[in-house]
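# Coordinates in review
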Amino acid sequence: MKLLMLDSGAFSVWTKGEEIDLDAYIEFANKHPEVSYYVALDVLSGTFEGGFVHPKAAEASCQKGWDAYQKMIKTIPMEKVIPTFHRGDPISWLRKYLNFGVKYIAIGGLADKSSREGKMKWLQEIKPYFLRSGKVKAKVHGFGFSNMDLMNCFPWYSLDSASWAYKGSMGVIWIPRKTGGKWDYTKSPYIIACTPRHPDRYRHNCHYDCLSPLVKKNFHEYLEEVGIEVGISKVVKVKKKRRLESHELWIEKGKLIQKALILGVTNARDMRQNVTIYYLKQAEKFLSVKHLYFAGNPVNVEIEQQLHKRLLSYAFLKSKAPMRIFNLHCKQVRQAKRLTECQS
């Protein structure tokens, strides 16, 4: 199944003090009917640190979000538009959306810096609103997830995570733990740094150089299953003004570089991203969530083609390169639809 979700990017621009043009967003959405779902433009209040939000500010933001949702469904099929209810919003707005007949709603406000325990407590408080006689009243999407506890404590229909891209860029991969000799995707994975300059280099079981024998064995077994190498590099002395080439990085700026001889997770970002993409695709099969979307900024075409469920942000489709990636996914949706029609 090929799915493409388009988020307005309101959260990202909100952290910069900017806003999204609703009319332009609606116009863009109507030009691209291939998109599976459009996240309604939401209006946020509060701060990224998750501090107190004045009730009047929260109420005003919810009203603006409701107005934006109503305007979007005038020209976009209602079943394709996903409104968002945020942690900190008055619960009356959740009831309003559900009573209106919304069949798919997103939960936001869980990617801030507040405690995991507080987030889990809040999810348990709102959980009854989504249930009727033990059955789920509406499909629920969760934004920005990478924590297994939060994934497993709520009846999510779909989730998204950008960790596969961000963590890969920061030198990190995810490796599942084992239970009874088999990979266990229901438990929090090992988060293992692989690059030589990573700050976790000397932390036990947090860096490739400091893995216990058992974890290192699992590490190599998993890479073999994925078909990715550890990677081999050499340290080379260079001139002070040398420019880095592909798959090179500074060990000591102006003096020493790491040069890749065999590409792998220790020296290539795309290799690390491939491992975590594989991990998330496998995890989707074992978690209760039905759809796990790959969020984050566009990357290279080779990797994008692997992402069968993609969430992109309208706010970042302003230049040619991101639009090429967006059009690639639209094309894949059309191809998948034609294939399904031919098979039926």
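Details of the structure are given in the entry above.
Everything in this summary refers to the structure shown in the same document. (Residues numbered from 1 in each chain as written. Predicted model: local features only at pLDDT ≥ 70, side-chain atom pairs only at ≥ 80, totals over all residues. Heavy atoms only, no water.)

Another point: the overall build of the protein chain. Helix and strand counts for the protein chain come out as 11 helices and 18 strands. In terms of overall dimensions, the protein chain is globule-like: its C-alpha atoms have a radius of gyration of 22 Å, near the 20 Å expected for 344 residues. Overall, the protein chain is about 65 × 50 × 45 Å in size when its C-alpha atoms are taken along their principal axes. A buried classification covers 49% of the 344 residues belonging to the protein chain. Taking all contacts inside the protein chain whose residues are at least 6 apart in sequence as the whole, residues at least 24 apart take part in 60%. Carbon and sulfur atoms provide 53% of the accessible area of the protein chain, an area that totals close to 17,900 Å². Looking at charge distribution, the protein chain has the averaged site of its 55 positive side-chain charges lying 2 Å from that of its 33 negative ones. (Helix = DSSP H or I, 4+ residues; strand = E, 2+ residues; numbered from the N terminus. Rg over C-alpha atoms; globule rule 2.2 N^0.38 Å. Buried < 20%, exposed > 50% of the residue type's maximum accessible area, 1.4 Å probe, protein only. Contact = heavy atoms within 4.5 Å. Areas by Shrake-Rupley, 256 points an atom, 1.4 Å probe, with all protein chains shown as cover. Lys, Arg positive; Asp, Glu negative; His and termini not counted. Charge placed at Lys NZ, Arg CZ, Asp CG, Glu CD.)

With that settled, consider unusual backbone geometry. One non-glycine residue, Asn-205, adopts positive backbone phi at about 60°. Tracing the backbone shows Asn-205 in the loop between strand S13 (190-193) and helix H8 (213-226). Residue Asn-205 is classed as buried on the basis of its relative accessible area of 16%. One non-glycine residue with positive phi stands out, namely His-247, at about 60°.

Another point: the sheet that holds strand S14 (residues 232-237). Spatial strand order, S14-S16-S15: 3 strands in an open sheet with antiparallel pairing. Edge strands, defined here as strands with exactly one partner in the open sheet, are S14 and strand S15 (248-252). Strand after strand, the sheet turns through a mean of 35° between neighbouring axes, direction not considered. With 6 bridges connecting them, S14 and strand S16 (residues 256-262) associate as antiparallel partners. Looking at S16, one finds that Val-236 is bridged to Ile-257. (Pairing = 2+ DSSP bridges. Axes fitted to C-alpha atoms, helices over the stretch in contact; angles between N-to-C directions.)

The next subject is the pattern of salt bridges. Using the criterion set out here, one finds 15 salt bridges in the structure. When the shortest N-O distance is used, the salt bridge between Glu-125 and Lys-121 registers 2.7 Å. Separated by 4 residues within a single helix, Glu-125 and Lys-121 lie in helix H5 (residues 116-126), roughly one turn from each other. You can call Glu-125 partly exposed: its relative accessible area is 42%. Salt-bridge contacts for Glu-248 lead to Lys-259; the nearest nitrogen and oxygen are separated by 2.9 Å. Of this pair, Glu-248 sits in strand S15 while Lys-259 is found in strand S16, placing the two residues 11 residues apart along the sequence. (Salt bridge = Lys/Arg side-chain N within 4 Å of Asp/Glu carboxyl O.)

With that settled, consider the nonpolar core. Among soluble globular proteins, nonpolar side chains are generally buried collectively. The biggest cluster of nonpolar side chains holds 86 residues, and the ones touching the most others in it are Leu-6, Ile-107, Leu-123, Trp-156, Phe-219 and Phe-326. Setting aside chain neighbours within four positions, we find Phe-219 in contact with Ile-173, Ile-175, Ile-192, Cys-194, Tyr-208, Leu-211, Val-230 and Val-265. Judged by nonpolar contacts, the second largest core, of 12 residues, contains Tyr-37, Val-39, Ile-82 and Leu-311. (Core = buried A, V, L, I, M, F, W, Y, C linked by side-chain atoms within 4.5 Å.)

Let us look at the packing of aromatic side chains. Applying the stated criterion to the full structure yields 22 aromatic pairs. Plain terms: the ring middles of Tyr-37 and Tyr-104 are 4.9 Å apart, the flat faces sit at 85° to each other, and that makes the pair edge-to-face. Of this pair, Tyr-37 sits in strand S2 (residues 37-39) while Tyr-104 sits in strand S5 (residues 104-108), and the two are 67 residues apart along the sequence. A single burial state applies to Tyr-37 and to Tyr-104, both of which are buried. On the basis of an interplanar angle of 55° and a centroid distance of 6.3 Å, the ring pair of Trp-66 and Trp-93 is categorised as tilted. Of this pair, Trp-66 sits in helix H3 (residues 55-72) while Trp-93 sits in helix H4 (residues 91-100), placing them 27 residues apart in sequence. (Phe/Tyr/Trp six-rings, centres within 6.5 Å; stacked < 30°, edge-to-face > 60°.)

Here we come to the packing of H3 against H4. Where H3 meets H4, the closest approach of the two axes is 11 Å, and the angle between their N-to-C directions is 20°. Judged by the inter-axis angle, H3 sits roughly parallel to H4. In the crossing of H3 with H4, the sense of the turn from one axis to the other is right-handed. Contacts between H3 and H4 pair Glu-59, Cys-62, Gln-63, Gly-65, Trp-66, Tyr-69 and Gln-70 from the former with Trp-93, Lys-96, Tyr-97 and Phe-100 from the latter. Of the residues contributing to the contact of H3 with H4, the split by class is 6 nonpolar, 3 polar and 2 charged. (Parallel < 35°, antiparallel > 145°, perpendicular 65-115°, else oblique. Left-handed = near helix turned anticlockwise from the far one by under 90°. Nonpolar A, V, L, I, M, F, W, Y, C, P; charged D, E, K, R; others polar.)

Next up on the list: the side chain of Thr-195. Mapped onto the secondary structure, Thr-195 falls in the loop between S13 and H8. Beyond its immediate sequence surroundings of up to four residues, Thr-195 is in contact with Met-170, Gly-171, His-207, Thr-266 and Arg-272.

What follows covers the environment of Glu-225. Mapped onto the elements, Glu-225 comes out in helix H8. Sequence spacing of Glu-225 and Cys-62 is 163 residues, and the spatial spacing of their C-alpha atoms is 47 Å. When near neighbours in sequence (up to four residues on either side) are disregarded, Glu-225 contacts Trp-183 and Tyr-278. A polar atom in the side chain of Glu-225 sits 2.6 Å from the side chain of Tyr-278. (Polar contact = N/O pair within 3.5 Å; in protein donor to acceptor, adjacent residues only side chain to side chain.)

This next bit is on the state of the cysteines. This structure, assessed with the given rule, holds 0 disulfides. As a non-bridged cysteine, Cys-210 has Cys-206 as the owner of its nearest cysteine sulfur, 8.8 Å distant. Exposure remark for Cys-210: the relative accessible area of 21% places this residue in the partly exposed category. (Disulfide = S-S within 2.5 Å.)

Worth remembering: the numbers are spatial, not functional.
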